[in-house]
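The chain contents come next:
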Amino acid sequence: MTLTVNGERIPLRLDTRTTLLDALREHLGLTGSKKGCDHGQCGACTVLIDGRRANSCLALAVAHDDAEITTIEGLANGELHPLQRAFVEHDAFQCGYCTPGQICSAVGMLGEVRAEGAELDEATVRDRMSGNICRCGAYVNIVPAILDAAR
Amino acid sequence: MKAFAYERARDADEAVRAAAAGATFLGGGTNLVDLMKLGVVEPERLVDVTRLPGAVEDLPDGGLRVGASVRNNDLAAHPLVRERYPVLSQALLAGASGQLRNLATTGGNLLQRTRCLYFMDPTKPCNKRRPGSGCPAREGEHSQLAILGWSEQCVATHPSDLAVALAALDATVVTSARRLPIVELHRLPGDEPERDTVLEPGELITAVELPPLAGRSAYRKVRDRASFAFALVSVAAVLRVEDGRVADIRLALGGVAHKPWRATRAEEALRGAAATAESFAAAADDELEQARSLRDNGYKTTIARNTIRRVLEELL
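Small disclaimer: the values here were computed from a predicted structure and weren't measured.

K.L.:
Even after reading the chapter, I still don't get the packing of helix H2 (residues 82-89) of chain A against helix H5 (residues 139-150) of chain A, so can you show me in this structure?
P.N.:
All names here are of chain A. Contact pair H2 / H5: the axes reach a minimum separation of 8 Å and the direction vectors enclose 140 degrees. Put simply, H2 runs oblique to H5. In the crossing of H2 with H5, the sense of the turn from one axis to the other is right-handed. Contacts from Pro82, Leu83, Ala86 and Phe87 in H2 reach Ala145, Asp148 and Ala149 in H5. Residues of the contact of H2 with H5, tallied by class, amount to six nonpolar, no polar and one charged.

Below is the structure:
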């Protein structure tokens, strides 16, 4: 099978049981995407599959043959992605473990809200980001960071 | 996870043929892959049906046809769904998380399994997972489980929000073999809790059809936290009022039974009645008279009653 990861086309030979998350971390050495719960509940593994945010821990790699995957390692383009910069400016983390998932999820979420033409306020951000848990409880800075980056 | 063979179907016939040979359908995998990791299910062969043709199509009668592979977020955001069926869009957005909704499909959502703790834990008995092994939920942790239609064998609830909205919309499920009303797709546990639906082995859901909707509609979900949690109780309602009287009412409850619970008693009480808070309350009482709560879930009856009233009042 083949994955395009952060713009690079990569042929892979994997056991069918391999999740996209394990393919990224264990086979491609991209350890930015984190394994938290491994059951789709914490969002630490969130990546963009064909531009859409998804839990890579519940995605079988083989089911995403030919997909374009963007991980936290692929977001910066010479300079930090606006969401990465906003997270730094707002100090939107403590331990940082959930941060790659939070940022990838926020990139996808802002795209979804834009496509719907929905209003983006604090309540919407909190609701639409509920798939990303921060055990340090840095939400008070995560939410303003996302709102700031959306502007 | 046990080893399995994987194949990808190009069309429904190919998928059905694979299933006839023993393959399990794979949609977005958000529930199935999780259950495989937990060892709750151990399919030897998966046939991926996510790349079957699937779209949201406008029907000539003003209804919509939704392909089974349409992802939950795409369906929720579709302009025709948001315009014609607010209850459907609201129910979808109340389910799971943004990243799960991008994976989960329409067909897969309907066929997801209960989140009963005992079903999810292969070290525990469970009549749904291992028929005849018993039901620890009856005396154990059942605060999230059924108050309506349960049996001695099983007190599980169906977790889908989408299915509850579709029940209130009188949707039709199209399979590889037949068409059936959504309210007949899922079943009560009875003596066969291992069967969630009436589908035969290898029968594939290919689409869901929505009849045109006259009236206002809404979905309200009550849960332990504000977002990303299963329903304690949810209510999907369609209401049309003419000259102060209820001309059409369709009401479905989620989180209370083994299937989306169409509140037919309440509907009957309301048809033709004055569209007032008082008749809504009386109808909710009629419906919930049949509730039989377990030791720790009696609170659901109160929430269901209040949520029915609240949703209908909001639709006035």
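Picking up after the structure, the text goes on.
K.L.:
What exactly am I supposed to notice about the interface of chain A and chain B here?
P.N.:
Across the boundary between the two partners, chain A contributes 25 residues, which contact 23 residues of chain B. Those elements that place two or more of their residues in the side of chain A that touches chain B are strand S4 (52-55), helix H3 (99-116) and helix H4 (122-128) of chain A. The dominant element in the side of chain A that touches chain B, judged by the number of residues it contributes, is H3 of chain A, at six residues. Residues belonging to the side of chain A that touches chain B are distributed by class as follows: eight nonpolar, ten polar and seven charged.

K.L.:
Looking at this structure, how should I read the sheet that holds strand S3 (residues 46-49) of chain A?
P.N.:
Remark on secondary structure: sheet strands pair via backbone hydrogen bonds, oriented parallel or antiparallel. Residue and element names in this part refer to chain A. Strand order in the open sheet formed by five strands is S2-S1-S5-S3-S4, and the pairing between neighbours is mixed. Because the sheet does not close on itself, it has two edges, and the strands there are strand S2 (8-11) and S4. Here the average twist between neighbouring strands, direction ignored, is 35 degrees. Examined bridge by bridge, strand S1 (residues 2-5) and S2 share four bridges and lie antiparallel to one another. Each bridged residue has a counterpart across the sheet, and for Thr2 the counterpart in S2 is Pro11. Each of S3 and S4 touches H3; the most contacted strand, S3, lies at about 40 degrees to it.

K.L.:
Explain H3 of chain A here, please?
P.N.:
An α-helical turn contains 3.6 residues, so a residue and the one three or four places further along point in the same direction. Look at H3 of chain A: 25 Å from first C-alpha to last across 18 residues, which is about the 26 Å you get at 1.5 Å a residue. Listed in full, the buried residues belonging to H3 of chain A are Thr99, Pro100, Gly101, Gln102, Ile103, Cys104, Ser105, Ala106, Val107, Gly108 and Met109 of chain A. For H3 of chain A, the elements touching its buried residues are S3, S4, H2, H4 and H5 of chain A together with helix H6 (98-101) of chain B. Looking at the residues trailing H3 of chain A, positive phi occurs at Gly117 of chain A, about 70 degrees.

K.L.:
Even after reading the chapter, I still don't get the environment of Gly140 of chain B, so can you show me in this structure?
P.N.:
Topologically, Gly140 of chain B is positioned in the loop between helix H7 (106-110) and helix H8 (162-168). Remark: the alpha-carbon pair of Gly140 of chain B and Glu42 of chain B, spanning 98 residues in sequence, is separated by 26 Å.

K.L.:
Just checking my understanding: could you explain unusual backbone geometry for this structure?
P.N.:
A negative phi angle is the norm for most residues apart from glycine, just as the trans form is the norm for most peptide bonds. In this structure, Asp66 of chain A is a non-glycine residue whose phi angle is positive, near 75 degrees. In the Ramachandran plot, Phe228 of chain B falls in the positive-phi region, its phi being about 60 degrees despite a non-glycine side chain. Following the sequence through the fold, Phe228 of chain B ends up in the loop between strand S9 (216-222) and strand S10 (233-242). Phe228 of chain B sits in the buried class, given 20 other C-beta atoms within 10 Å.

Scoring rules and cut-offs
- Residues numbered from 1 in each chain as written.
- Chains lettered and ligands numbered in written order.
- Predicted model: local features only at pLDDT ≥ 70, side-chain atom pairs only at ≥ 80, totals over all residues.
- Axes fitted to C-alpha atoms, helices over the stretch in contact; angles between N-to-C directions.
- Helix = DSSP H or I, 4+ residues; strand = E, 2+ residues; numbered from the N terminus.
- Parallel < 35°, antiparallel > 145°, perpendicular 65-115°, else oblique.
- Left-handed = near helix turned anticlockwise from the far one by under 90°.
- Contact = placed C-beta atoms within 7 Å.
- Nonpolar A, V, L, I, M, F, W, Y, C, P; charged D, E, K, R; others polar.
- Pairing = 2+ DSSP bridges.
- Expected span 1.5 Å × (residues − 1).
- Buried ≥ 20, exposed ≤ 12 C-beta atoms within 10 Å, placed from the backbone.

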